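Here are the chains, one letter per residue:
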Amino acid sequence: MRLFECGTLVPGCEWHTRADNDAEIVRRAVEHMRETHGETIIRENMVDNIKARIVDEQAA
Ligand SMILES: [Zn+2]
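Residues numbered from 1 in each chain as written. Predicted model: local features only at pLDDT ≥ 70, side-chain atom pairs only at ≥ 80, totals over all residues.

- The name an unreviewed UniProt entry gives the chain is Small metal-binding protein, with Sinorhizobium kostiense as the organism.

Overview of the pairing of strand S1 (residues 2–5)
Phase 1 of the analysis: In this structure, S1 lies alongside strand S2 (residues 16–19), joined through four bridges in antiparallel fashion. Note on S2: the bridge partner recorded for Leu3 is Arg18.
Phase 2 of the analysis: Judged from the two bridges that link them, S1 and strand S3 (residues 55–56) form a sheet pairing that is antiparallel. Each residue of the ladder has a partner; that of Leu3, found in S3, is Val55. (Pairing = 2+ DSSP bridges. Helix = DSSP H or I, 4+ residues; strand = E, 2+ residues; numbered from the N terminus.)

With respect to the sheet that holds S1
Phase 1 of the analysis: One open sheet accounts for three strands, arranged S2-S1-S3; its pairing is antiparallel. The sheet is open, and its two edges are formed by S2 and S3, each paired on a single side.

As for the environment of Arg34
Phase 1 of the analysis: Relative to the helices and strands, Arg34 is located in helix H1 (residues 22–37).
Phase 2 of the analysis: Judged by the 13 C-beta atoms lying within 10 Å of it, Arg34 falls in the partly exposed class.
Phase 3 of the analysis: If we ignore the near neighbours within four places in the chain, the residues touching Arg34 are Glu39 and Thr40. (Buried ≥ 20, exposed ≤ 12 C-beta atoms within 10 Å, placed from the backbone. Contact = placed C-beta atoms within 7 Å.)

A few points about the nonpolar core
Phase 1 of the analysis: Ranked by size, the top nonpolar core spans six residues in total: Phe4, Ile25, Val26, Ala29, Met33 and Ile50.
Phase 2 of the analysis: At four residues, the largest contribution of residues to this core is made by H1.
Phase 3 of the analysis: With near-sequence residues (within four places) excluded, Met33 lies in contact with Glu39, Ile42 and Met46. (Core = buried A, V, L, I, M, F, W, Y, C linked by C-beta atoms within 7 Å.)

Listed below in structure tokens is the structure:
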């Protein structure tokens, strides 16, 4: 499972998402950026920033 925590990009934000592929994580994260952080223009480097912060979540 892959995990993205918004707080790694936007300090203080508690939002996070899990998915089994990075494309789905990026899709959800971009949607979250728009809705919660008012990012109406998603820049190319934001997608890169999201991708750089997606981590493998170890199965318990
Ligand atoms: Zn956030």
